[in-house]
Amino acid sequence: MSEAPRALITGVTGQDGSYLTELLLDRGYEVHGLVRRSATDNLQNLRPALARGVLNERLFLHFGDLREALGLHRLIQRIRPREVYNLGAQSDVALSFELPAVTTEINTVGTTLLLEAVREAAPQARFYQASSSEMFGRVRETPQRETTPFYPRSPYAASKVHGYWMTVNMRESWGLFACNGILFNHESPRRGERFVTRKIARGVADIARGRTKTLTLGNLDARRDWGYAPEYVEAMWRMLQCAEPDDYVIATGEAHSVRDFVEAAFAVVGLPWQDHVRLDERLRRPAEVDALLGDASKAKEKLGWAPTVRFEELVRRMVEGELNA
Ligand code: NAP
Ligand code: GDD
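Here the structure is a predicted model, which is why all the values come from computation and not from measurement.

## Re the domain arrangement of the chain
When the domains of the chain are assigned, the result is domain 1 (6-187 + 227-252 + 294-303) and domain 2 (196-222 + 255-292 + 311-323). The C-alpha-based centres of domain 1 and domain 2 are spaced at 27 Å. Opposite the 16 residues of domain 1 that make contact, domain 2 presents 11 residues. Around 1,100 Å² of area is buried between domain 1 and domain 2 when both sides are counted, 64% of it from carbon and sulfur atoms. Counting across the domain 1 and domain 2 interface gives 0 salt bridges. Our count for the domain 1 to domain 2 interface comes out at 3 residue pairs in polar contact (both at pLDDT 80 or more). Sorting the residues of the side of domain 1 that touches domain 2 by element identifies α4 (93-96) and β10 (227-228) as the ones contributing at least two each.

Written as C-alpha cells, this is what we have:
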C-alpha cells in the first residue's frame with residue numbers, strides 16, 4: 001500500500017459514497033470502499049471513479065457488510081485508515097416502516113460495530129457518522145441547529161438517533177476523533193430512484209419524451225431543505241480536518257415543498273404539472289416529517305463551508321441529468 005492518506009468509506013456505492021470517493025481521489029487519498037455483494041450491478045454510481053483507471057492502485061473495493069463485526073475489524077486492522085466515513089445505511093425512510101428491524105440492524109447495530117472496530121483496531125482514525133435531519137422529525141424549533149432536540153418520526157430516524165449518540169459517546173468515553181454531520185436532504189442525478197426528487201426528475205423526463213403521461217406522488221405539502229450532494233461531501237471531509245471533533249448541521253437554509261419541486265421540474269421541460277401529477281394515498285407515510293429547515297451557521301463559521309447550488313439550479317440539474325441519461 002502507498003504512503004498516501006488512507007480512507008475507508010462504507011456505503012461507497014451510494015450517492016454520497018461515490019462523490020466522496022472522487023473528492024478523496026482528487027486530494028491524493030488511497031480510498032477503500034466497503035461494497036455489499038449484490039446479484040445485480042450496484043457499482044453504477046462508481047463508474048466515473050472506476051473510469052480513472054486506479055482500481056487496485058489507489059481505489060480498493062472490499063466485500064463486506066455493516067452487520068459483519070469480525071469482517072469490519074479485520075478490514076480496519078489491515079487498512080489502518082486515517083479517516084473512516086460511515087455512509088452505509090438502509091437510508092429509505094418510507095421503507096423503514098416496512099423493515100424496522102433490518103433498518104435498526106444496519107443503521108444502529110452496524111454503526112456500533114464499526115465504531116467498536118475503529119476503537120479496537122485504529123483508535124487514531126478520524127470517524128465521520130452520516131447523521132440526518134430526519135432526527136429532528138416533529139421539529140421542536142425552526143430553523144434546526146446542532147442544539148435542537150431530536151424527535152424521530154420513523155424507524156429510520158430512530159436508528160439514526162442511536163447512531164448519533166453512539167458517535168458522541170465514543171468521543172466522550174474513549175477519546176475517538178468522531179464527528180456527526182447532521183445533513184439535511186441533498187440530491188443529485190445519482191440520488192436513489194425511490195427518493196422524491198429523483199422520482200420527479202425521472203417522471204418529468206419520461207413525460208417530456210412521451211414514454212408515460214402521469215407521475216404519481218404522495219404528500220405534496222411536505223417541505224425540505226434540499227441541497228446539492230457534491231457540496232455536502234466536501235463538508236464531511238472538512239469536519240475530519242478540524243483540530244477537534246464536533247457535530248455540524250449542513251443545510252442550505254432554504255425550504256421548499258414537494259409541490260414547489262414538481263412545479264420547477266415541469267417548468268424545465270415547459271409542461272403544466274397539473275395535467276400530469278396524480279396523488280395516491282398509499283404513498284403517504286404512517287408518520288410524516290412535515291417541514292425541515294436547517295441553520296448551518298456553525299459550519300460556515302468553523303468549517304468555512306457554504307452551499308452555492310440553490311433550489312432552481314438543483315432541480316434543473318436533476319431533470320437534465322435524466323434527459324441526458
Ligand atoms: P444511499 O445512496 O442510499 O447509499 C447507501 C449506501 O449504504 C449504499 O452504498 C448501500 O449499498 C449501503 N448499504 C446498505 N446496507 C448496507 C449494509 N448492510 N452494509 C454495508 N453497506 C450498506 O444513501 P446516500 O443518499 O448516499 O446517503 C449516505 C448516508 O447519509 C446514509 O447513511 C444516509 O442515511 C445518510 N443521509 C443521507 C441524506 C441525503 O439526503 N442523501 C441526508 C442525511 C443523511 P448498496 O448500493 O449495495 O445498496
Ligand atoms: N420517496 C417519496 N416518494 N417521497 C414522497 C413521495 C413519493 O412518491 N411523494 C411525496 N413524498 C414526500 C415524502 O412523504 C417526504 O415528506 C418527502 O417527499 C421527501 O421524501 P424522500 O425523498 O423519500 O426523502 P426523506 O426526506 O424522507 O429522507 C431523505 O432525507 C433524509 C434527510 O432529511 C433520505 O435521504 C434519508 O436517508 C435522509 O436522512
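Now that the structure is up, let's keep going.
## Points about the packing of helix α9 (residues 258-269) against helix α11 (residues 311-323)
Closest axis-to-axis distance for the α9/α11 pair is 9 Å, and the angle between their directions is 55°. For the element pair α9 / α11, the angle class is oblique. By crossing handedness, the relation of α9 to α11 is classed as right-handed. Here D260, F261, A264, A265, V268 and V269 of α9 come into contact with α11, specifically with F311, E312, V315, R316, M318, V319 and L323.

## Details of the site of ligand 2
What surrounds ligand 2 is a group of 22 residues, the closest being S132, S133, Y156, R285 and E288. N185 has a polar side-chain atom sitting 2.7 Å from an oxygen atom of ligand 2. At 2.6 Å from an oxygen atom of ligand 2 is found a side-chain nitrogen or oxygen belonging to E288. Bound to the protein, ligand 2 loses 94% of the 720 Å² it would expose on its own. Shared between two domains, the shell around ligand 2 holds at least three residues of each, these being domain 1 (6-187 + 227-252 + 294-303) and domain 2 (196-222 + 255-292 + 311-323).

What counts, and where the lines are drawn
- Residues numbered from 1 in each chain as written.
- Chains lettered and ligands numbered in written order.
- Predicted model: local features only at pLDDT ≥ 70, side-chain atom pairs only at ≥ 80, totals over all residues.
- Heavy atoms only, no water.
- Domains from an automatic or database assignment.
- Contact = heavy atoms within 4.5 Å.
- Buried area = accessible area lost by both parts, 1.4 Å probe.
- Salt bridge = Lys/Arg side-chain N within 4 Å of Asp/Glu carboxyl O.
- Polar contact = N/O pair within 3.5 Å; in protein donor to acceptor, adjacent residues only side chain to side chain.
- Helix = DSSP H or I, 4+ residues; strand = E, 2+ residues; numbered from the N terminus.
- Axes fitted to C-alpha atoms, helices over the stretch in contact; angles between N-to-C directions.
- Parallel < 35°, antiparallel > 145°, perpendicular 65-115°, else oblique.
- Left-handed = near helix turned anticlockwise from the far one by under 90°.
- Near = heavy atom within 4 Å.
- Areas by Shrake-Rupley, 256 points an atom, 1.4 Å probe, with all protein chains shown as cover.

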